[in-house]
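# Secondary and tertiary structure notes
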Amino acid sequence: MVTDKSPERIRQVAAELGAESLLLPEVLRNTRIVSYEEGETMMTSGDPVEEVSVLFRGAMRVYSVSESGKLVTVAVARPPEMFGDIEFLQGRDTLHSVVAETQSEVLCFALRDVRTYLAENVVFYRMICNNLIEKLYNTSSNYSRVLQYPTKTLLAQYLLRSREADGIVSCKSRELAEYLGVTPRHISRLITELVEEGAVARESGRRLRVTDPERLRACMDQLLQK
């Protein structure tokens with residue numbers, strides 16, 4: 001984890017997010033940019049929330065752990081998703097754990113500044129509302145797809161949606177299986193099928209590379225027509 005408190009870069013990132021008006025002098029002095037390497041933890045369930053953050057580069061995996069120790073992926077967050085917003089509104093500790101899926105960067109506002117200076121800011125609440133609406137839509141959409149579509153279709157959609165610019169997707173079978181509601185063995189079998197079809201290739205570190213996006217889309221269309 002690396003922290004950058006450069007006012008110039010903070011202003012630049014805030015402008016890209018449409019949040020430059022939030023950087024009052026009192027807010028700017030405590031605002032920071034934090035960079036995470038793949039696998040580093042950003043938030044842990046049950047910990048006090050100290051910042052409201054906005055992801056502006058990379059991807060973060062949001063997950064929960066049951067009392068039995070089972071890890072369940074809730075979502076894969078992508079820019080400009082916010083973290084700590086629900087906790088801020090409800091006055092509670094961290095709801096889900098968050099870990100960097102890839103190299104990632106977030107813009108972090110100190111919670112005390114949010115409460116003092118941004119609690120009645122229209123731009124800030126618009127950001128929160130847009131973020132909550134997007135989370136609700138994605139959750140509802142994901143649940144509907146799980147009920148309606150074959151797992152291979154959902155897997156193809158996930159790979160297309162989650163790939164980086166170079167086509168790489170971090171793909172741990174167990175976590176992906178829990179996310180799609182099937183067994184790890186079934187996910188491994190489907191991935192093998194996609195590899196044999198030439199749609200993806202296996203990479204080191206439990207990663208896949210999307211080699212033929214059109215083949216994945218064709219796979220989706222074919223299954224949806226059945």
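The structure reproduced in this document is the subject of the present report.

Reading the values: rules and limits
Residues numbered from 1 in each chain as written. Predicted model: local features only at pLDDT ≥ 70, side-chain atom pairs only at ≥ 80, totals over all residues. Heavy atoms only, no water. Phe/Tyr/Trp six-rings, centres within 6.5 Å; stacked < 30°, edge-to-face > 60°. Helix = DSSP H or I, 4+ residues; strand = E, 2+ residues; numbered from the N terminus. Buried < 20%, exposed > 50% of the residue type's maximum accessible area, 1.4 Å probe, protein only. Axes fitted to C-alpha atoms, helices over the stretch in contact; angles between N-to-C directions. Left-handed = near helix turned anticlockwise from the far one by under 90°. Contact = heavy atoms within 4.5 Å. Nonpolar A, V, L, I, M, F, W, Y, C, P; charged D, E, K, R; others polar. Pairing = 2+ DSSP bridges. Arc of directions from axis to C-beta.

For any pair of aromatic rings, the description consists of the separation of the ring centres together with the inter-plane angle of the planes. Under the criterion given, the structure shown has two aromatic pairs. Pairing Phe88 with Phe124 gives two aromatic rings, centres 6.1 Å apart and planes at 70°, and the pair type is edge-to-face. Residue Phe88 is found in helix H3 (residues 85-90), and its partner Phe124 is found in helix H5 (residues 122-148); the two are separated by 36 residues along the sequence. Look at Phe124 and you get buried, because its relative accessible area is 1%. Taken together, a centroid distance of 6.0 Å and an interplanar angle of 85° make the contact between Phe124 and Tyr125 edge-to-face.

Quick look at the packing of helix H6 (residues 151-162) against helix H7 (residues 173-180) now. For the pair H6 and H7, interaxial distance at closest approach is 11 Å and the crossing angle is 115°. Between H6 and H7 lies a crossing of right-handed hand. Here Thr151, Leu154, Leu155, Tyr158 and Arg161 of H6 lie close against H7, whose contacting residues are Leu176, Tyr179 and Leu180. Residue classes in the contact of H6 with H7 are distributed as six nonpolar, one polar and one charged.

This part is about the pairing of strand S11 (residues 200-203). Taken together, the four bridges between S11 and strand S12 (residues 207-210) define a ladder with antiparallel strand orientation. What sits directly across from Glu203, in S12, is Arg207. A loop of three residues connects S11 with S12, the two strands running antiparallel in sequence, and Gly205 in this loop sits at a positive phi of about 70°.

Inspection of helix H4 (residues 111-118) places Leu111, Asp113, Val114 and Leu118 among the buried residues, and these make up the whole buried set. The buried residues of H4 occupy one face: seen down the axis, they fall within an arc of 155°. Counted as exposed and oriented over 90 degrees from the buried face of H4: Arg112, Arg115 and Thr116.

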